[in-house]
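# Understanding the architecture of this molecule
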Amino acid sequence: MRAEWQAHIDELLQTYQEKRRQIQEMQSRLETIEASAEAADGMVRVKVDRQGRLTSLEFDPRVSRKLGSEELAEAVMEASKKAQADVADQMRAAMQGLAPEGASGEGGGFDLAKLLPERPDDIEAVRARLGIQPK
């Protein structure tokens, strides 16, 4: 193999490995995302996980004196929506610049490491995924 080809392959492989490492770090950050929010002047507090699932619900002890059942239900929904929106914003921010278009990360089931397999079999596809122009 000619030395210039080997140098180009080595450069491409180094870029590939760096992008793959960045994607793995991003995946780790995505797994820890959660958000909290409150509604009804702090009477209702919720926490959601990265998939927007409710993981904690707290009521101020005075909530039953201040809110009726409909208002309480609305407050829970409002706080949940706020927390879910925060999670979505955090996901987008964590994926900024690394994820391909359409990979919003919402739902938490998207495995970004699969975008770049352990061993690159198709150099052209890897080059395209990494945004490397052919020389």
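Basis of the calculations
- Residues numbered from 1 in each chain as written.
- Predicted model: local features only at pLDDT ≥ 70, side-chain atom pairs only at ≥ 80, totals over all residues.
- Heavy atoms only, no water.
- Salt bridge = Lys/Arg side-chain N within 4 Å of Asp/Glu carboxyl O.
- Helix = DSSP H or I, 4+ residues; strand = E, 2+ residues; numbered from the N terminus.
- Buried < 20%, exposed > 50% of the residue type's maximum accessible area, 1.4 Å probe, protein only.
- UniProt positions renumbered as here; feature names shortened; annotations may be inferred.
- Pairing = 2+ DSSP bridges.
- Axes fitted to C-alpha atoms, helices over the stretch in contact; angles between N-to-C directions.
- Contact = heavy atoms within 4.5 Å.

An unreviewed UniProt entry lists the protein under the name YbaB/EbfC family nucleoid-associated protein, from Actinomadura montaniterrae.

### Section: the pattern of salt bridges
Counted under the stated rule, the structure contains nine salt bridges. In this structure, the salt-bridge partner of Lys-47 is Glu-34, at a minimum N-O distance of 4.0 Å. With a gap of 13 residues between them, Lys-47 in strand E2 (residues 44-48) and Glu-34 in the loop between helix H1 (3-31) and strand E1 (35-39) connect regions that are remote in the sequence. Residue class for Lys-47 comes out partly exposed when judged on its relative accessible area of 30%. On the basis of relative accessibility, which here comes to 43%, the residue Glu-34 falls in the partly exposed class. Residues joined by salt bridges that share partners form a network here, namely Glu-18, Arg-21 and Glu-25.

### A word on unusual backbone geometry
At Ala-40, a position not held by glycine, the phi torsion is positive, near 55°. Within the fold, Ala-40 resides in the loop between E1 and E2. In this structure Ala-40 comes out as partly exposed when scored by relative accessible area, which is 24%.

### A short note on the UniProt feature "coiled-coil region" (unreviewed entry) in the protein
Mapped onto the present numbering, the UniProt feature "coiled-coil region" (unreviewed entry) falls at residues 2-36. Secondary structure over residues 2-36 splits into 83% helix and 6% strand, and the C-alpha atoms at its two ends are 57 Å apart.

### Quick notes on the pairing of strand E3 (residues 54-59)
Note: E2 against E3, five bridges, orientation antiparallel. Across the sheet, the residue bridging to Val-48 is Leu-54, located in E3. Where E2 folds back onto E3 in an antiparallel hairpin, the turn is made up of five residues, including Gly-52, whose phi is positive at roughly 85°.

### A few points about the sheet that holds E1
What the three strands build is an open sheet, ordered E1-E2-E3; its pairing is antiparallel. Each having just a single partner strand, E1 and E3 make up the two edges of the open sheet. Looking at each pair of strands side by side, their axes are set apart by 15° on average, direction ignored. Across five bridges, E1 lies against E2 in antiparallel orientation. By the bridge assignment, Ser-36 is partnered in E2 with Lys-47. Lying over the sheet, helix H3 (residues 69-95) contacts E1, E2 and E3, oriented at roughly 150° with respect to E1.

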